Amino acid sequence: MAVTRYQIISLRVQHAGEILKFQHKIPAYLTCCTGFKLSMVGVMPPALMNTTLGRLSASFNSLKEEAITASLKHEVLAAKDFQQLEVQLHPGQIVSGVYVDEQLSEAFKPYRVNLYLRCTDKEGQTTKTKAACTTT
Amino acid sequence: MYDHLNHVQQQFKQREINIELQGFKTVTTQPGVLQYHIEAYNEYLLLTNSRVLPIGTRILSDTNSVEISSGQRRTEGLEEFSGLVSIELPRETTYFPIIEFIQIVKE
């Protein structure tokens, strides 16, 4: 039976316009990432409601696959579902990327950004060719 | 001695990216213009002269972003950009450098 594990990459943004780079090693037993979610942790001034806080890009398999480019928005209903991802993981490789804060300096308050990766140890539907990762 | 071109060849080989063309690209900055945009879709631009850029220069792209700090000016690492690349010089700068990249077009 396949197990699903969530990898959390947490970044602390401390000033407006900050650029944060990250590297994260996914455990070698996980073979496939099937989803991701980007969320803000912290309290934001109401003036920033519905504005873009920043954007994140990430690549998998030690820079071999550029798979995520996403904006982080401050919204009332922040409980978003995972966005679909189909990345076959090479064992023990690195996820790396960068988050860029895009706020105006006047209204800035420090906050945390969490990137959740939903990964599984189940192989993709491999018969003869590599196919998309599956979530079930 | 650290060799930029050798490093690029080795790293792209490790990443299993075949190189179709390796060249150079420069952006000449000038007084009165603080923002520059370059298109680097399906290719990579590797910054080679971060040491001469004014501190506070920001280079943002779809895949990577950097702000030049005093630490970055000392290192010899190559920052890599792809997609739409925006270069923002700091407002207070009085120095307008030529920004140099190694351009890699992939297969």
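Residues numbered from 1 in each chain as written. Chains lettered and ligands numbered in written order. Predicted model: local features only at pLDDT ≥ 70, side-chain atom pairs only at ≥ 80, totals over all residues. Heavy atoms only, no water.

Q: Describe the state of the cysteines, with residues and values.
A: All names here are of chain A. Within this structure, the stated rule accounts for one disulfide over all chains. One disulfide in the model links Cys-33 with Cys-119; its S-S distance is 2.2 Å. Disulfide Cys-33-Cys-119: the torsion about the S-S bond is 70°, which places it as right-handed. Residue Cys-33 is found in strand E3 (residues 32–41), and its partner Cys-119 is found in strand E8 (residues 111–120); the two are separated by 86 residues along the sequence. For Cys-119, a relative accessible area of 0% puts it in the buried group. (Disulfide = S-S within 2.5 Å. Helix = DSSP H or I, 4+ residues; strand = E, 2+ residues; numbered from the N terminus. Buried < 20%, exposed > 50% of the residue type's maximum accessible area, 1.4 Å probe, protein only.)

Q: Account for the interface of chain B and chain A, naming residues and giving values.
A: At the junction of the two partners, chain B supplies 15 residues and chain A supplies 13 residues. Carbon and sulfur atoms make up 48% of the area that chain B and chain A hide from each other, which totals about 1,000 Å². It is Arg-15, Thr-63 and Ser-65 of chain B that lose the most area in chain B upon contact with chain A, and together they represent 42% of the buried surface on that side. Summed over the shared surface of chain B and chain A, the number is one salt bridge. Salt-bridge contacts for Lys-21 of chain A lead to Glu-79 of chain B; the nearest nitrogen and oxygen are separated by 2.6 Å. Here chain B is connected to chain A by eight residue pairs in polar contact (both at pLDDT 80 or more). (Contact = heavy atoms within 4.5 Å. Buried area = accessible area lost by both parts, 1.4 Å probe. Salt bridge = Lys/Arg side-chain N within 4 Å of Asp/Glu carboxyl O. Polar contact = N/O pair within 3.5 Å; in protein donor to acceptor, adjacent residues only side chain to side chain.)

Q: Residue-level account of the sheet that holds strand E2 (residues 35–47) of chain B, with values.
A: For sheets, the rule is that strands pair by backbone hydrogen bonds, running either parallel or antiparallel. Residues and elements named next belong to chain B. Spatial strand order, E1-E6-E2-E5-E3-E4: six strands in an open sheet with antiparallel pairing. Every interior strand has two partners, whereas the edge strands, strand E1 (19–28) and strand E4 (65–67), have only one. The average angle at which neighbouring strand axes cross in this sheet is 25°, direction not considered. The strands that helix H1 (residues 4–14) touches are E1, E2, strand E5 (79–88) and strand E6 (98–106); relative to E1, the one it contacts most, it runs at about 135°. (Pairing = 2+ DSSP bridges. Axes fitted to C-alpha atoms, helices over the stretch in contact; angles between N-to-C directions.)

Q: I'd love a proper account of the packing of aromatic side chains, names of residues and values included.
A: For the structure shown, the criterion picks out five aromatic pairs over all chains. Ring plane angle 55° and centroid distance 5.6 Å describe the contact between Tyr-6 of chain A and Phe-82 of chain A, whose orientation is recorded as tilted. Taken together, the residues span a long stretch of sequence, with Tyr-6 of chain A in strand E1 (residues 4–13) and Phe-82 of chain A in the loop between strand E5 (65–73) and strand E6 (83–88) at a distance of 76 residues. For Tyr-6 of chain A, a relative accessible area of 47% corresponds to the partly exposed category. Centre to centre, the rings of Tyr-99 of chain A and Tyr-111 of chain A are 6.4 Å apart; their planes meet at 80°, and the pair counts as edge-to-face. With a gap of 12 residues between them, Tyr-99 of chain A in strand E7 (residues 94–101) and Tyr-111 of chain A in strand E8 connect regions that are remote in the sequence. In this structure, Tyr-99 of chain A and Tyr-111 of chain A share a single accessibility class: buried. Taken together, the aromatic side chains of Tyr-99, Phe-108 and Tyr-111 of chain A make up a single cluster linked through ring pairs. Looking at Arg-15 of chain B, its charged tip hangs above the ring of Phe-12 of chain B, at a distance of 4.9 Å from the centre. Against the face of Tyr-44 of chain B rests Arg-15 of chain B, its NZ or CZ located 5.5 Å from the ring centre. (Phe/Tyr/Trp six-rings, centres within 6.5 Å; stacked < 30°, edge-to-face > 60°. Lys NZ or Arg CZ within 6 Å of the ring centre and 35° of its normal.)

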